[in-house]
Each structure stands twice: as structure tokens, then as C-alpha cells.
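Structure at a glance
Chain by chain, the residues:
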Amino acid sequence: MLLGDRSFVDSSVVLAFQKTAAYHVLVVAGLHVGALVIFLWWVGKRLRFSMLAISVMTSLALTAYVGIVQDRPPILRAALIATLYLCARPLFRRVELLNTIGHAALILLIWKRRRLAIPVFNFRFWLRP
């Protein structure tokens, strides 16, 4: 489930989750990226790694996770924001989260600029890699 595979979930179960407004539990989203980053940061701190080593280890794990879940937009956004944050930490820079979100949005717009040409929200188009 954490890797985005929902084929094992029956459609009646999905409908029940949607009715109870808990469907986000079944969907891979930025929350999973955040949980992964926090867990890896905690493990690195417990093992007394340097801040640079923790940042590199976490960034590599995020890269692998994005590759496994097949480049889904929410995962990509969250991983990019987390990576920008992790790049600033070893430099002992104060991290402004709104600036980090803005930089991630700008990078995604430059990287996938053809998606800007669609004037309406066609979700099938936006979910394509």
C-alpha cells in the first residue's frame, strides 16, 4: 500500500473508505514522504550520523521511493520540497518553508511545462508522467 499498489483492495472496501472520508489512507501522498523523511532523520540522529550524512541518506532514500511509486505528482512535490529542505540543513541555513514550497513549484513548472498549456483540469492528463 505504501508503494501505491491498490490492486489488493476490494472495490467495496474502497467505497467504504470514501464514504467515511478516510480514503486518503489508501492513497499514496505527501504524508508518506513526510513520514519517511522523519523516520530516516530520526534513525540517523539515533545512530549519531552527521547532518550531511543524514541529509544524503534521506535524499537517496527519497529518490528510490519516487522511482518505486512511479513519479506520481503528490509524491514528486513532497519529495522535492523535502530534498530542498535537506539541502539547506547541512549549510546551517534557516529554512523558510514558504520559499521551499515556491522553489519546488518553480522547478516542477520548468520541468513539466507542457502541463501548463491545458486550460482545464483534465486529471488523466495531469497524472501522466
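Residues numbered from 1 in each chain as written. Predicted model: local features only at pLDDT ≥ 70, side-chain atom pairs only at ≥ 80, totals over all residues. Heavy atoms only, no water.

Digging into the overall build of the chain
Applied cut-off: Numbering goes from the N terminus for both helices and strands, where a helix is a DSSP run of H or I of at least four residues and a strand is a run of E of at least two. We call a residue buried when its accessible area falls under 20% of the maximum for its residue type, exposed when it is over 50%, and partly exposed in between, using a 1.4 Å probe and counting protein chains only. By definition, residues are in contact when any of their heavy atoms lie within 4.5 Å. All accessibility values rest on the Shrake-Rupley procedure with a 1.4 Å probe; residue burial counts only the protein chains present in the view.
Looking only at helices and strands, the chain has 6 helices and 0 strands in total. The N-to-C order of helical and strand elements in the chain reads α-α-α-α-α-α. When the 129 residues of the chain are sorted by exposure, 27% land in the buried category. Residue pairs in contact within the chain that sit at least 24 positions apart in sequence constitute 53% of those at least 6 positions apart. Counting every atom, the chain has about 9,300 Å² of accessible surface; 69% of that belongs to carbon and sulfur.

What to know about the packing of helix α2 (residues 30–46) against helix α3 (residues 51–68)
To be explicit about the condition: Helix axes use the C-alpha atoms of the stretch in contact, all axes being lines fitted to C-alpha atoms, and the angles between their N-to-C directions lie in the range 0 to 180 degrees. By convention the crossing between two helices is left-handed if the near helix lies anticlockwise of the far one by an angle smaller than a right angle, and right-handed if it lies clockwise. Gly is placed with the polar residues, together with every amino acid not listed as nonpolar (Ala, Val, Leu, Ile, Met, Phe, Trp, Tyr, Cys and Pro) or charged (Asp, Glu, Lys and Arg).
Contact geometry of α2 with α3 gives a least axis separation of 9 Å together with a crossing angle of 145 degrees. Considering the relative orientation of α2 and α3, their crossing is right-handed. For the pair α2 and α3, the contacting residues are His32, Val33, Leu36, Val37, Leu40, Trp41, Gly44 and Lys45 in the first and Met51, Ile54, Ser55, Met57, Thr58, Ala61, Leu62 and Tyr65 in the second. When grouped by side-chain class, the residues that make up the contact of α2 with α3 number 11 nonpolar, 4 polar and 1 charged.

Here's the deal with the nonpolar core
Rules: Take the buried residues of types Ala, Val, Leu, Ile, Met, Phe, Trp, Tyr and Cys, join any two whose side-chain atoms come within 4.5 Å, and each joined set is a nonpolar core.
Core analysis: the biggest nonpolar cluster contains 17 residues, and Val33, Val37, Leu62, Tyr65, Val66 and Ile75 have the highest contact counts within it. Counting only elements with at least two residues in this core, the list comes to α2, α3, α4 (73–88) and α5 (97–111). Considering each element in turn, this core owes the most residues, 7 residues, to α4.

Digging into the packing of α2 against α4
The condition is simple: Should an angle lie under 35 degrees it is considered roughly parallel, over 145 roughly antiparallel, and from 65 to 115 roughly perpendicular; all remaining angles are considered oblique.
At a closest axis distance of 8 Å, the pairing of α2 and α4 adopts a crossing angle of 30 degrees. As judged from the angle between their axes, α2 and α4 are roughly parallel. In the crossing of α2 with α4, the sense of the turn from one axis to the other is right-handed. The residues of α4 that touch α2, namely those facing Gly30, Val33, Val37 and Trp41, are Pro74, Ile75, Ala78, Ala79, Ala82 and Leu86. Within the contact of α2 with α4, the residues separate by chemical class into 9 nonpolar, 1 polar and no charged.

Thoughts on the side chain of Thr58
For Thr58, the position within the fold is in helix α3. Among all residues touching Thr58, those that are not within four sequence positions of it are Val37, Leu40, Trp41 and Leu86.

What about the packing of aromatic side chains?
This is how the line gets drawn: Classification of ring pairs uses Phe, Tyr and Trp, with its six-membered ring standing for Trp, and accepts pairs whose centres are within 6.5 Å; under 30 degrees between planes counts as stacked, over 60 as edge-to-face, and the remaining range as tilted.
One pass over the full model with this rule turns up 1 aromatic pair. Taken together, a centroid distance of 6.4 Å and an interplanar angle of 35 degrees make the contact between Phe39 and Trp42 tilted. You can see Phe39 and its partner Trp42 sitting in helix α2, 3 residues apart, about one turn around the helix.

Side note on a nonpolar patch on the surface
Rules: Each patch is built from residues lacking any salt bridge and having more than 30% relative accessible area; the joining distance is 9 Å for like charges and 5 Å for nonpolar side chains (Val, Leu, Ile, Met, Phe, Trp, Tyr). Any carboxyl oxygen of Asp or Glu within 4 Å of a side-chain nitrogen of Lys or Arg constitutes a salt bridge here.
Together, Leu52, Val56 and Leu60 give the surface a local cluster of nonpolar side chains, amounting to about 300 Å² of exposed area. When you line up the elements, Leu60 lands in helix α3.

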